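Per-entry structural report
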Amino acid sequence: MTSNDSARAVSRAGSGAAVAAVLAAGPRTPRRAGQPETSQTLDRGLSVLRLLAEEERGLTVGDLAERLGVNRTVVYRLLATLEQHRLVRRGPDNRFRLGLGLIRLAGRAQPLLSDAALPVLRAFTEDFGVTAHLTVADGDEGLVVAVEEPAWSDVHVAYRVGLRRPLSCGAAGAAIAAARRGGGAGCAVAEEMPGVRGVAAAVRGVAGVEAALGVVLLGEAVPRGLAERLVEGAERLSVALR
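This next bit is on the sheet that holds strand β5 (residues 164-166). If you trace the 6 strands from one edge of the open sheet to the other, you get β5-β4-β3-β8-β7-β6, paired in antiparallel fashion. The open sheet is flanked by β5 and β6 (187-193), the only strands paired with a single partner. Direction aside, neighbouring strands of the sheet carry axes that sit 35 degrees apart on average. Pairing between β6 and strand β7 (residues 196-203): 6 bridges, direction antiparallel. The partner of M193 across the bridge, within β7, is V196. On top of the sheet, helix α7 (residues 226-241) reaches β3 (131-138), β6, β7 and β8 (211-218); it is set at about 35 degrees to β7, its chief contact.

The following block contains the structure:
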């Protein structure tokens, strides 16, 4: 073999290694003009968390590699990093699930929701004399994260932050379920308990947040204009959270 032949062989070998490296890294989404450059590794790590959030039973390394379109080595590195930060955990069945470290992060996000919601909720208590709340979906349950009760009403429904109810119950759950099905903007009306009526509108268009802006009131009648105001309030809250 001549020196030129050797050089061509090395060149081909180097090209083959480069192609193998590209294939191992998986497909890269092209960046559109005007978009800032992003971190592919961080994007994949966040995708791992999203995939695990969608699977209560957890996912194996092979499952994640298939869904991300990368090889197992890449997935092992991602999981090792996330596990160090307690964002994922490995079960005895070798399936990975979300870790307890996410609870601390989620706890920091809840005040942001309530701070944005309180001015909107306060308008309903002042104008309609009803108890207003913001409820977010947490799995199959609705979690109340903000409440405003009317100051001038002699009798009203008491509600508390931290209350959990199945999404199958009440107006807030019905509004969130309708948004999941792709239903149009509107209000859900439901009986919360005997003698108590609930009205709620889904907060749409906020990435990672499924929520409903709602009110609870005594009696069967819904005040005129309340439903329309709820839809408008949910849209204002959506804009504030984006």
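Evaluation of the coordinates by the stated rule reveals 1 aromatic pair. Here the aromatic rings of F124 and F128 are separated by 6.2 Å at their centres, their planes lie at 25 degrees, and the arrangement is stacked. Placement of the pair is F124 and F128 together in helix α5 (residues 101-128), with a separation of 4 residues, close to one helical turn. We classify F124 as buried; its relative accessible area is 0%. Its relative accessible area of 18% is what places F128 among the buried residues. The aromatic ring of F124 is capped on one face by R229, whose charged end is 5.4 Å from the ring centroid.

Rules behind the numbers
- Sequence positions are assigned chain by chain, starting from 1 and proceeding in written order.
- Side-chain atom pairs in this predicted model are given and counted only at pLDDT of 80 or more, local residue features only at pLDDT of at least 70, and totals for whole chains, interfaces and linings cover all residues.
- With hydrogens and water set aside, each side-chain value is computed from the structure's full complement of heavy atoms.
- For two strands to be treated as a pair, DSSP must find no fewer than two bridges joining them.
- Helix and strand definitions here come from DSSP, where helices need a minimum of 4 consecutive H or I residues and strands a minimum of 2 consecutive E residues; each element is numbered from the N-terminal end.
- Only C-alpha atoms enter the line fits that serve as axes; for helices the fit covers just the stretch in contact. Angles between N-to-C directions range over 0 to 180 degrees.
- Every residue pair with non-hydrogen atoms within 4.5 Å of one another is taken to be in contact.
- Aromatic rings from Phe, Tyr and Trp, with only the six-membered ring used for Trp, were paired whenever their centres fell within 6.5 Å, and each pair was classed as stacked if the ring planes differed by under 30 degrees, edge-to-face if by over 60, and tilted otherwise.
- Think of it in three bands: residues with accessible area under 20% of the maximum for their type are buried, residues over 50% are exposed, and the middle band is partly exposed, with areas taken using a 1.4 Å probe on protein chains only.
- Counted as over-ring charges are cases with an Arg CZ or a Lys NZ within 6 Å of the ring centre that also lie within 35 degrees of the ring normal.

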